[in-house]
Amino acid sequence: MLKSIAKTLTAGVSCLGLTAAPALAQSPGTFVYTVVVPAGEFGSAAFLAELLATLAAAKAFCRATGDSALQVDCLSERLEAAAGGIPEGTDYDEVRSVLEDTSGRLKRLARQNRDPDRRRVTVSSATDPAESTARPLTPVRASVQAAVNQEATRILEEAATVLLRSAETAQERQTQYAQIAAAIDSNKVLLRS
């Protein structure tokens, strides 16, 4: 009788194993992951604070490189990372778009004025070695650095202006976009030092 029970249990477990195997081998399908930034009205205060901190950290991170030739592309990379942290389909789509555009323009500026005598480098934070640039940074030639920094400053000013103008049409966005524009604009200080 024990042998009969053991065979039945073994057969039952075997059947379960065979039935479960194909299900495990199949793809679970497409997952949709939605992040909701707004909290009832335009934008979330917590998300805004995080974005502003990210933009402020960009300036600090790039300044800490200690290499003025890397500043423009460093800002480009940090703005690109900030834009990548903004989920699509939220109240911040326009902010993400402005950051992506600004990042791309700064990257092109640095690459067009690349120092041929220096290699591109990946930079890590002095205080947190785990934090580093997602891509190697392009150093700018010393002979054109002042002009490049001036053009980069103009690009940052344009980004801030675009955000301020787009906020004029929607009252609920004005304060938040003004804060984001000021954070972007504050990175100009890095290019003047």
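Our structure is the block above this text.
What counts, and where the lines are drawn
- Residues numbered from 1 in each chain as written.
- Predicted model: local features only at pLDDT ≥ 70, side-chain atom pairs only at ≥ 80, totals over all residues.
- Heavy atoms only, no water.
- Disulfide = S-S within 2.5 Å.
- Helix = DSSP H or I, 4+ residues; strand = E, 2+ residues; numbered from the N terminus.
- Buried < 20%, exposed > 50% of the residue type's maximum accessible area, 1.4 Å probe, protein only.
- Polar contact = N/O pair within 3.5 Å; in protein donor to acceptor, adjacent residues only side chain to side chain.
- Expected span 1.5 Å × (residues − 1).
- Contact = heavy atoms within 4.5 Å.

This structure, assessed with the given rule, holds one disulfide. One disulfide bridge connects Cys 62 with Cys 74, the sulfur atoms lying 2.1 Å from each other. Linking Cys 62 and Cys 74, the disulfide has an S-S dihedral of approximately -90° and is accordingly described as left-handed. Here Cys 74 lies in helix 3 (residues 71-84) and Cys 62 lies in helix 2 (residues 45-64), a separation of 12 residues in the sequence. For Cys 62, a relative accessible area of 0% corresponds to the buried category. Judged by relative accessible area, Cys 74 falls into the buried class, the value being 0%.

Take the side chain of Gln 176 next. For Gln 176, the location among the structural elements is in helix 6 (residues 171-185). Side-chain polar atoms of Gln 176 contact the side chain of Tyr 92, separated by 2.5 Å.

With that settled, consider helix 2. Taking 1.5 Å as the rise per residue, helix 2 with 20 residues should run 28 Å; its terminal C-alpha atoms sit 28 Å apart, in good agreement. Buried residues in helix 2 make contact with helix 3, helix 4 (93-112), helix 6 and helix 7 (188-192). Gly 66 occupies a position one or two residues after helix 2 and carries a positive phi of about 70°.

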